Amino acid sequence: MSERDDPGTIGRRVQRLRADRGLTQRQLAEPAYTPAYISTLEAGRVRASDDALRHIAERLGVAFEELATGRPAHLVTDLRLRLTEAQRVLATGDTETAAEQYTELLTEAEGNGFAEERAAALLGLGECGIDSGELTAARRHFERAEQVLSEIDAPLPARVPALRGRAVSHYLAGELRYAVYLLESTLDELNRGGLHDPDALLLLYASVIGPYMDMGAHARAAQAAEYALALAPQAGDPALVARMHRSVARTLLAEGRVTEADASLAKAAELYRRLQIRTELANCHWMRGYVYAQHGDLERAEAELREAQTMLTAKRAALYTSQVAVELADVLHRRGKSEEAAALLHGVLSDLSPERGALHSAAAHRLLGIIAEDARDTETAEEHYVRALSLLERAGAAGDLADLCRLLGDLLRRTGRVEAALDAYRTGLGHRTAPGTTTLGPAPAQPPL
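This structure is a prediction, so every number in the text was calculated from the model and none was measured.

How each quantity is defined
- Residues numbered from 1 in each chain as written.
- Predicted model: local features only at pLDDT ≥ 70, side-chain atom pairs only at ≥ 80, totals over all residues.
- Heavy atoms only, no water.
- Helix = DSSP H or I, 4+ residues; strand = E, 2+ residues; numbered from the N terminus.
- Buried < 20%, exposed > 50% of the residue type's maximum accessible area, 1.4 Å probe, protein only.
- Contact = heavy atoms within 4.5 Å.
- Areas by Shrake-Rupley, 256 points an atom, 1.4 Å probe, with all protein chains shown as cover.
- Phe/Tyr/Trp six-rings, centres within 6.5 Å; stacked < 30°, edge-to-face > 60°.
- Lys NZ or Arg CZ within 6 Å of the ring centre and 35° of its normal.
- Core = buried A, V, L, I, M, F, W, Y, C linked by side-chain atoms within 4.5 Å.
- Salt bridge = Lys/Arg side-chain N within 4 Å of Asp/Glu carboxyl O.

Peer 1: I'd like a description of the overall build of the protein, backed by residues and values.
Peer 2: Across its full length, the protein carries 23 helices and zero strands. Taking all 449 residues of the protein together, 52% fall into the buried category. The contacts of the protein with a sequence gap of at least 6 include a subset with a gap of at least 24, amounting to 63%. Here the protein displays about 20300 Å² of accessible surface, and carbon together with sulfur accounts for 50% of that area.

Rendered as C-alpha cells:
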C-alpha cells in the first residue's frame, strides 16, 4: 500500500469528514477510542495506527485508503483493473498495444504515488521490451521495478519477476555469465531461505536453461528443466478463469464494492502472470528437443521443438522463437531437410542484429556454414563461419567458440590453407582451456519437490 499522508493532513481530513457528516468527536470515537484521542488526532499531534484509521474510516463511511492518502479508493482499483487488461493484451501477443497501455498506467501510478501499481507497470514495460527485442530499455524497466519493490520492502518472491527479467535481458544481449549469476543467486536465496514460491521457482528454473546451454553446462540445464517441469502443473492455462475474475471485478466496482473488486483483480492479475509463463514452459520443450537430438531421436526432437516454436510464436516472443528455430533447423538438416532448415535460418537472421540476439545469430551462421559445406560451397561456408566467430567472441561463449574454430580449421585445411587452419585450431584450444570460461560455481540449493 502507498505511504500515508502526514498526521496533520490526516487530522484535517478527519475533522472535515466528521463535520460533513454531523458527527461529534465522541460519536466518531466510540466504542474503541475516546473523544480526547480524536481531538488529538484532528490536531495532528498523534500518528494514528492502521487499526485506529480503519475504525474511523468505517465510522465515516469511507475506505481506509481514501482516509490515509486522500485518494478515492476507486482510483487505485480502476488502475489495477486496467493493469490486468494490459497483462491480458501482452499475454495474447499484442506487444505494441500493451506497451502503450503500460506507459499510460505508469504515468498515472507515479502521479498518484501508487508504488505497487508503478512496479507492475514497469514490469509490464520490461516484458514488452523482451518480447520486442528492445533489451536495453527492458533492463532499465526491470531495474526500476526492482528498486520500487525494494523501497516498499516487498518479499523476495514478489521481486523475482523483476530479477528474472533483468537476467533475461542480459542473457539475450549475450552477457551469459552475469545472467546465470543473477538467476542462480536468487534461486539459492529462495531455496535456502525456505521461500518456496512455486511460480517464482518455475520462472527462475525455466529462465536459466538457455544460459546454461550456451555456456555448455548441459547437466545443469537438464536439472533445471526437470525442476521446472515438476513445478509446471501448478501454473496451468489460466486465461478463462482470469477473464471471469475481471468480469466479476467490473460488476463489483459498479456496485461500489471496492474491496471485493480488488480481491478479484488480484486473482486475475496472478492468473495472467501465470499465462505469461507459457513462454518459459516453451523453453522446457526446447530442452527436451535438444536432449532427444543429442541421443539421435530426431523425430521426437523435431516434435518437441515444433511444440516450443508454436508456443512462442503465439506469444510473438521474437528472440526466444529465434533460439528454438536454430535448434529446429539443426534437427531438420540432420533429417535431410536442408532446404527447409536454411530457409528457417535466413528468417532468423532477418529478425536479429549483433546487438539483439548475438548468440542466436552466431548459431544460425554456424549452421548455414555447415549446410553450405555439405553442398560443397566452401566460400559461402567460410563466410558464415567467420561471421559466427565475430559474434561469439563478442559474447564470450567459450564452448561454442572452440567448436566453431574446429569447423573453420577443418574447412581451411581441406582447401589447402594449412597455416590458417593451424591458427584457427590454436584459437579454439585457447578458448577451450581459458580458466573459468566453461566452469560455474556450486549449484544453487535444490527446491523441496
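Having seen it, we continue.
Peer 1: Report on the packing of aromatic side chains, specifying residues and quantitative values.
Peer 2: For the coordinates displayed, the defined rule picks out three aromatic pairs. One cation-aromatic arrangement involves R54 over F64; the distance from NZ or CZ to the ring centre is 4.5 Å.

Peer 1: Talk me through the nonpolar core; I want residue IDs and the actual numbers.
Peer 2: Ranked by internal contacts, the top residues of the largest apolar core, which has 109 residues, are Y102, Y205, I209, L345 and Y385. By residue number, the principal contributor to this core is helix α12 (residues 198-214), which donates eleven residues. Setting aside residues no more than four positions away along its own chain, Y102 makes contact with L83, A86, Q87, L90, A120, A121, G124, L125 and C128. Of all hydrophobic cores here, the second largest spans 17 residues; its members include L28, I56, L60 and L67.

Peer 1: Residues and numbers for the pattern of salt bridges, please.
Peer 2: Within the structure shown, the criterion is met by 26 salt bridges. Its salt-bridge partner being R144, residue E110 comes within 2.9 Å of it at the nearest N-O pair. Of this pair, E110 sits in helix α7 (residues 95-112) while R144 sits in helix α9 (residues 135-151), and the two are 34 residues apart along the sequence. A relative accessible area of 37% places E110 in the partly exposed class. For R144, a relative accessible area of 32% gives the class partly exposed.

Peer 1: So what's going on with the environment of H285? Residues and values would help.
Peer 2: Take H285: it is sitting in helix α16 (residues 278-294). Between the alpha carbons of H285 and Q309 there is a distance of 9.0 Å; along the sequence they are 24 residues apart.

Peer 1: Give a description of unusual backbone geometry that names residues and reports values.
Peer 2: Here the bond from E30 into P31 is cis, since omega is 0 degrees, no more than 30 degrees from zero. One can find P31 in the loop between α2 (25-29) and α3 (35-42). Even without a glycine there, the phi angle at R376 is positive, about 65 degrees. In this fold, R376 is placed in the loop between α20 (358-374) and α21 (378-395). When its relative accessible area of 77% is taken as the criterion, R376 is described as exposed.

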